[in-house]
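Chain residues, written in single-letter form:
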Amino acid sequence: RGTAFFIKDDTLLTARHILVDNAGNNDDVTVKIGNKRVKCIVELIAEEEEPIDVVLLRTEKYKHGYWLSLLATVFNEERDLCIMGYPREIVEGEDIICIDVHDRIGTTRQDFDTAMVRTDSLALSSYKGFSGSPVLNEIGSVIGVTLKQLYGSLGYCSINNLKNRLKQHGVD
């Protein structure tokens, strides 16, 4: 289990590894949106052997009225950010929680290109449930997707790193 978020009225973005045992390209998955279960089709944005851990989920009959805007921006150390997800440790994955973070280190890895550190006061020992969470800047634009737990911090793949792949799939 993890987090997915809308980037268009019929498209969600999430981490591929939360689906890996359940679905491949063009397979059906069901996601929970509020109290509804919504059928989605998995759309890979990279070949399975590539280290890009992000997928699109396209809804078939459901249209969402609100989605988050994407922003391709460059790494900025110590930038105030937040991630929003459904941690299993606190609320058993049922309620959304926001935690404050800072950009810490930019990398050249493809699976995640930025590491961040938490600056909130929540007593979390695990980040389970945050995979696929949006990384939001100070104005609420998505600048990345949370993917990895890294020794007390988190790694994310930036929208800047994903922008060309997303564009090939009709996401600007």
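A brief look at the structure comes next. These numbers come from a predicted model, not from an experiment. (Residues numbered from 1 in each chain as written. Predicted model: local features only at pLDDT ≥ 70, side-chain atom pairs only at ≥ 80, totals over all residues. Heavy atoms only, no water.)

A word on the sheet that holds strand S2 (residues 11-15). Across the sheet, which stays open at both edges, the five strands sit in the order S1-S2-S5-S4-S3 with antiparallel pairing between neighbours. The strands lining the two open edges of the sheet, one partner per strand, are strand S1 (4-8) and strand S3 (28-33). Direction aside, neighbouring strands of the sheet carry axes that sit 40° apart on average. The pairing of strand S4 (residues 36-44) with strand S5 (residues 54-59) spans five bridges and is antiparallel. (Pairing = 2+ DSSP bridges. Helix = DSSP H or I, 4+ residues; strand = E, 2+ residues; numbered from the N terminus. Axes fitted to C-alpha atoms, helices over the stretch in contact; angles between N-to-C directions.)

Bringing the nonpolar core into the picture now. Core analysis: the biggest nonpolar cluster contains 20 residues, and Leu13, Val54 and Leu162 have the highest contact counts within it. Grouped together as the second largest cluster of nonpolar side chains are 13 residues, Leu12, Cys40, Leu44 and Val55 included. (Core = buried A, V, L, I, M, F, W, Y, C linked by side-chain atoms within 4.5 Å. Buried < 20%, exposed > 50% of the residue type's maximum accessible area, 1.4 Å probe, protein only.)

With respect to burial, strand S10 (residues 142-150) is a largely interior element, seven of its nine residues being buried. With three bridges joining them, strand S9 (residues 134-136) and S10 adopt antiparallel strand pairing. Paired with leucine 136 across the two strands is valine 142, which belongs to S10. What sits between the antiparallel neighbours S9 and S10 is a turn of five residues, in which glycine 140 has the positive phi angle 90°.

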